Amino acid sequence: MSTATTAPPSPATTGPTSSVARDTYTVFARAMRMSLRNPAWLVISLMQPILYIVLFGPLLEPLSSQLGSGNAYQLFVPGILVQLGIFGALFVGFGLIAEYRAGVIESQRVTPASRTALLLGRVMRDVVVLLVQGTLLVLVSIPLGLRAPVIGVVLTLVVIALLGAAFASVSYALALTLKSEDAFAPLLNAVVLPVLLLSGILLPMTLAPGWLQAISDVNPLKHVVEGARSFFDGDYGSSTAWWGAGLTVAMGLLGWWFGVRRFRQESS
Amino acid sequence: MIHARGLARTFRKKKQEVHAVAGVDLDVEAGEIVGFLGPNGAGKTTTLRMLTTLLAPTAGTATVAGCDLVTDPVGVRRRIGYVSQSGATYPDARAGEEVVDHARLYGISTAEATARGKQLFRELDLDGLWERQPKSMSGGQRRRLDIAVGLVHVPGLVFLDEPTTGLDPQARANLWQHIRGLREERGTTVFLTTHYLDEADALCDRILVIDAGRIVAEGTPDELKSQVGGDVLTVTVEHAETAGRVAALMAALPGAEVPQVLDTRVVGRAPQGGAALMTLVRELDAAGIAVAGIESRRPSLDDVFLDLTGRSLRESGGPAGPGGPAGADRTADKQPQEMAR
């Protein structure tokens, strides 16, 4: 290295080699610190599902016998949890665009840190945030009348965490590709509404006419919602439950592959 | 420190190939401050992004800080610092945390990183700003913070991309002081890009001039200036119609080039400007031509640039310029902002 004059501190080039776990933790801790310092966003993203539970949930109560479920919240809360998992996570890309603009992403990319860690640390923050939000959501629903087995709720939260990780990875990859809110926002809006309506999050698709059911059958998220509902019903052995979980794993792998690929690519 | 051969990068935009960098050879030795000078869109940032592993070259080879750019990018990353044009810190973070977080990505412990960061804050006149948010710092402070981030792992080689763009004159002069200090106090090799001639002149041991993706000249500022044939003579006449006669007189000076006439201004070049000026004054007086001003000056790097590329560097950067090349490839990291507008 530098042979000229005496450099005051010793060069860091002989330091320990990069480890994915350590870099992931560094990125995670930094992202978490930023989120906690500006909690407005966390509160806003939680407010929406809570409003759904409090202001829309009661409308379902008189219908619950028709929907074939024990109580309305047992049906509604899993849907809202899935919604939180997908849509909360899809919007994390906006933060990445802001970081990119500030030069933070570039400056992290010139470090020897593992590219995977740069993504994984951020996704882990998102998953932790999601789990806290999801738990709060379940707790808020209890006084309103939610009754569900604890195991079912925990299993659902695991599925939601995985789903959130998948969509957060996709969101980061897209954000890093588009690099502009003006391109990213319309894309999300174009995707979000049809997916929401075709997933049976608000009302089960069993109420839908045949043609609409057929279309929604293609939407993997519909099966995730139905799987989560089975977990909330304590129906752990049903194929519906495990189809949902299996599709979530598949989406998780796909989202992760997409995200890592984008983070490994050079930035252009 | 840097040895590049035939380094090139071709972008594909709308099915058109853009040769942002078309084969660059360069060598930078340890302890040098080397300036990469050129107008916007010349390929400076693209070259820098290749040398810092952010962009893969489409052709050519390079060794940076002893590691091969293509086969050992991680080795390169470990040994270099890079201060990009767009900064390195998040506006809402805390200054000190940004430095420590960055150091952690090099595997430096938090305690060690904090000690080094505080030392850098002292050296870069950022004392007392450790807890400050970058968004509430001045432009000059933020720039020095970026440099602190880029230096916290004590790289032997640091790349500065347009370090003083957007700073006021005082902050620029102050930053130059600190950049010189990097070499003098830490023995750091500095490779910087700039489109400011005075910056290259004041700061750099050696200058590489890049235009349209190629290096068109290199040397010390003095070497480059002496390549320009002689000193620059400028005569401003009272009446534009006499300018032609002045030009004829100027052209007749020993060793002079054919001068240019710009309305009432006649600009030419001649060796030994002082002596040429004396001759010219006598002849103008004898011819009875009314002169408003006359001067001889050493050529500037702008003259060098004009000589090499046929256009003035100021055209592309200056606010009064007639537009200049519209930064076709500009910096890749600026594109999204521009597209977003």
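About the cut-offs
Residues numbered from 1 in each chain as written. Chains lettered and ligands numbered in written order. Predicted model: local features only at pLDDT ≥ 70, side-chain atom pairs only at ≥ 80, totals over all residues. Helix = DSSP H or I, 4+ residues; strand = E, 2+ residues; numbered from the N terminus. Buried ≥ 20, exposed ≤ 12 C-beta atoms within 10 Å, placed from the backbone. Contact = placed C-beta atoms within 7 Å. Axes fitted to C-alpha atoms, helices over the stretch in contact; angles between N-to-C directions. Parallel < 35°, antiparallel > 145°, perpendicular 65-115°, else oblique. Left-handed = near helix turned anticlockwise from the far one by under 90°. Nonpolar A, V, L, I, M, F, W, Y, C, P; charged D, E, K, R; others polar. pLDDT = per-residue confidence, 0-100. Expected span 1.5 Å × (residues − 1). Domains from an automatic or database assignment. Pairing = 2+ DSSP bridges.

## Some thoughts on the overall build of chain B
Here comes step 1: In terms of regular secondary structure, chain B is built from 13 helices and 14 strands.
Here comes step 2: The principal-axis extent of the C-alpha atoms belonging to chain B is close to 80 × 50 × 40 Å.
Here comes step 3: Per-residue burial over chain B gives 47% buried out of 341 residues.

## Comments concerning the overall build of chain A
Here comes step 1: For chain A, the helix and strand inventory stands at 12 helices and 0 strands.
Here comes step 2: Its helices and strands taken in sequence order, chain A reads α-α-α-α-α-α-α-α-α-α-α-α from the N to the C terminus.
Here comes step 3: Here chain A, with 268 residues, has 46% of them falling under the buried criterion.
Here comes step 4: Within chain A, contacts between residues at least 6 apart in sequence are counted, and of these 80% link residues at least 24 apart.

## Some thoughts on the packing of helix α7 (residues 115-144) of chain A against helix α12 (residues 239-264) of chain A
All names here are of chain A.
Here comes step 1: At their nearest, the axes of α7 and α12 sit 8 Å apart, and the two run at 130 degrees to each other. With respect to α12, the element α7 is oriented oblique. Remark: the crossing between α7 and α12 carries right-handed chirality. Here α7 contributes R115, T116, L118 and L119 to the contact with α12, which in turn contributes G259, V260, F263 and R264.
Here comes step 2: Grouping the constituent residues of the contact of α7 with α12 by class yields 4 nonpolar, 2 polar and 2 charged.

## Concerning the confidence of the model for chain A
All names here are of chain A.
Here comes step 1: Taken as a whole, chain A shows an average pLDDT of 85; of its residues, 90% reach a score of 70 or greater.
Here comes step 2: Taken element by element, chain A is modelled with least confidence in helix α3 (residues 64-67), mean pLDDT 68, and with most confidence in helix α8 (residues 150-178), mean pLDDT 94.
Here comes step 3: Segment residues 1-16: pLDDT under 50, and 35 contacts once partners within four positions in sequence are set aside and those in other chains are kept.

## Comments concerning the environment of R78(B)
Here comes step 1: Within the secondary structure layout, R78(B) lies in helix α2 (residues 73-79).
Here comes step 2: Considered as a pair, R78(B) and V281(B) are 203 residues apart in the sequence and their alpha carbons are 61 Å apart.

## Remarks on α7(A)
Here comes step 1: Compared with an ideal rise of 1.5 Å per residue, which puts 30 residues at 44 Å, α7(A) spans 45 Å between its outermost C-alpha atoms and is within 8% of the ideal.
Here comes step 2: A positive backbone phi angle near 125 degrees is found at G145(A), which sits one or two residues after α7(A).

## What about the domain arrangement of chain B?
Here comes step 1: Its domain assignment divides chain B into domain 1 (2-225) and domain 2 (229-298).
Here comes step 2: For domain 1 of chain B versus domain 2 of chain B, the separation of C-alpha centres amounts to 43 Å.

## As for the sheet that holds strand β7 (residues 157-161) of chain B
Residue and element names in this part refer to chain B.
Here comes step 1: Spatially, the 6 strands line up as an open sheet ordered β6-β7-β8-β3-β9-β10, and their pairing is mixed. The sheet is open, and its two borders are formed by β6 (80-83) and β10 (214-219), each paired with just one other strand. Neighbour-to-neighbour, the strand axes of the sheet open up by a mean angle of 15 degrees, direction not taken into account.
Here comes step 2: In this sheet, β10 lies alongside strand β9 (residues 206-211) in antiparallel orientation, the contact comprising 5 bridges. By the bridge assignment, V209 is partnered in β10 with A217.
Here comes step 3: Packing of helix α5 (residues 139-151) onto the sheet brings it into contact with β6 and β7, and relative to β6 it is tilted by some 160 degrees.

## A look at unusual backbone geometry
All names here are of chain B.
Here comes step 1: Phi angles above zero are rare outside glycine, and A65 is one such case at about 50 degrees.
Here comes step 2: Here A65 lies in the loop between β4 (59-64) and β5 (67-68).
Here comes step 3: Phi is positive for E162, which is not a glycine, with a value near 45 degrees.
Here comes step 4: With respect to the helices, strands and loops of the structure, E162 is situated in the loop between β7 and α6 (169-186).
Here comes step 5: Classification of E162 by C-beta neighbours within 10 Å gives buried; the count is 22.

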